[in-house]
Amino acid sequence: MMVEKAGAQLIHLDVMDGHFVPNITIGPLVVSAIKERTNLPLDVHLMIEKPEQYLRQFIDAGADYVTIHYETCTHLHRDIQSIKESGIKVGVAVNPHTPLCVLDDIIDELDLVLIMSVNPGFGGQRFIQNSISKIYQLSKTLEERNLEHIEIEVDGGVTLNNIKEISSAGSDIVVVGSAIYKSQNPTKIISQMNSILSI
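The name an unreviewed UniProt entry gives the chain is ribulose-phosphate 3-epimerase, with Elysia marginata as the organism. UniProt's Catalytic activity (unreviewed entry) comment on the chain is quoted here verbatim: "D-ribulose 5-phosphate = D-xylulose 5-phosphate". You can read under Sequence similarities (unreviewed entry) in the UniProt record for the chain the words "Belongs to the ribulose-phosphate 3-epimerase family."

Right, dumping it as structure tokens:
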């Protein structure tokens, strides 16, 4: 895959159902096909209602991470445990309007917290600037609770112009879509971003 050769460290796959978010995207068959074509970890982000009904399908398709949304889970702890019992990493995503305090009772069960820095559903949106304070707040919380092994992922509106600020606020993983795939030279963009993050 081009992004793997260019230096990407994982593949983030947005799964959308046309209900929780307006768009409809890929399913388990596509995840399985991508798994056969890359050695990178697959980071499967379920932007769907009733994710508990589909966890096993995506796990079996080859997900290395499964991230579910706080906003879609009636029994969040149960869903987290179901993913963990499969031996893969589990994340919980929060939308821009969702406060981090909703994770207080389950955060120590997680491997990853995904901060949405745009409203989920469409690529190409502008980064919501107050996400920076949210990233910083989460980073401090993890430090205070000795949970620094939990990764902070940021998804939405990441560009060459803001990736350093996002990283400096405390993110471990940045998801980049449009800035790479809509550029005339995706390989160069990935290389430039990796250079910025290594400074």
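More follows now that the structure is in view.
### A word on the UniProt feature "binding site: substrate" (unreviewed entry) in the chain
UniProt tags His-45, Gly-121, Phe-122, Gly-123, Gly-124, Gly-157, Gly-177 and Ser-178 as "binding site: substrate" (unreviewed entry). Position of His-45 among the secondary structure elements: in strand S2 (residues 42-47). Among all residues touching His-45, those that are not within four sequence positions of it are His-12, Leu-13, Asp-14, Val-15, Thr-67, His-69, Ala-93, Leu-114, Met-116 and Asp-155. Structurally, Gly-177 is set in the loop between strand S7 (173-175) and helix H7 (178-181).

### Describing the pairing of S2
Within S2, 6 of the 6 residues are buried, which leaves it mostly tucked inside the rest of the structure. Along S2, one buried face is formed by Leu-42, Val-44 and Leu-46 and the opposite face, lined by Asp-43, His-45 and Met-47, is buried too. Summarising the sheet, strand S1 (residues 11-16) and S2 pair through 6 bridges and their orientation is parallel. By the bridge assignment for S2, His-12 is matched with Asp-43. Between the parallel pair S1 and S2, the chain is carried across by helix H2 (residues 28-35), and the sense of this crossover is right-handed. With 4 bridges connecting them, S2 and strand S3 (residues 65-69) associate as parallel partners. Its bridge partner being in S3, His-45 is matched across the sheet by Thr-67. Regarding topology, helix H3 (residues 55-61) serves as the crossover connection from S2 to the parallel S3, and that connection is right-handed.

The rules behind each value
- Residues numbered from 1 in each chain as written.
- Predicted model: local features only at pLDDT ≥ 70, side-chain atom pairs only at ≥ 80, totals over all residues.
- Heavy atoms only, no water.
- UniProt positions renumbered as here; feature names shortened; annotations may be inferred.
- Helix = DSSP H or I, 4+ residues; strand = E, 2+ residues; numbered from the N terminus.
- Contact = heavy atoms within 4.5 Å.
- Buried < 20%, exposed > 50% of the residue type's maximum accessible area, 1.4 Å probe, protein only.
- Pairing = 2+ DSSP bridges.
- Right-handed = clockwise from strand over helix to strand, strands pointing away.

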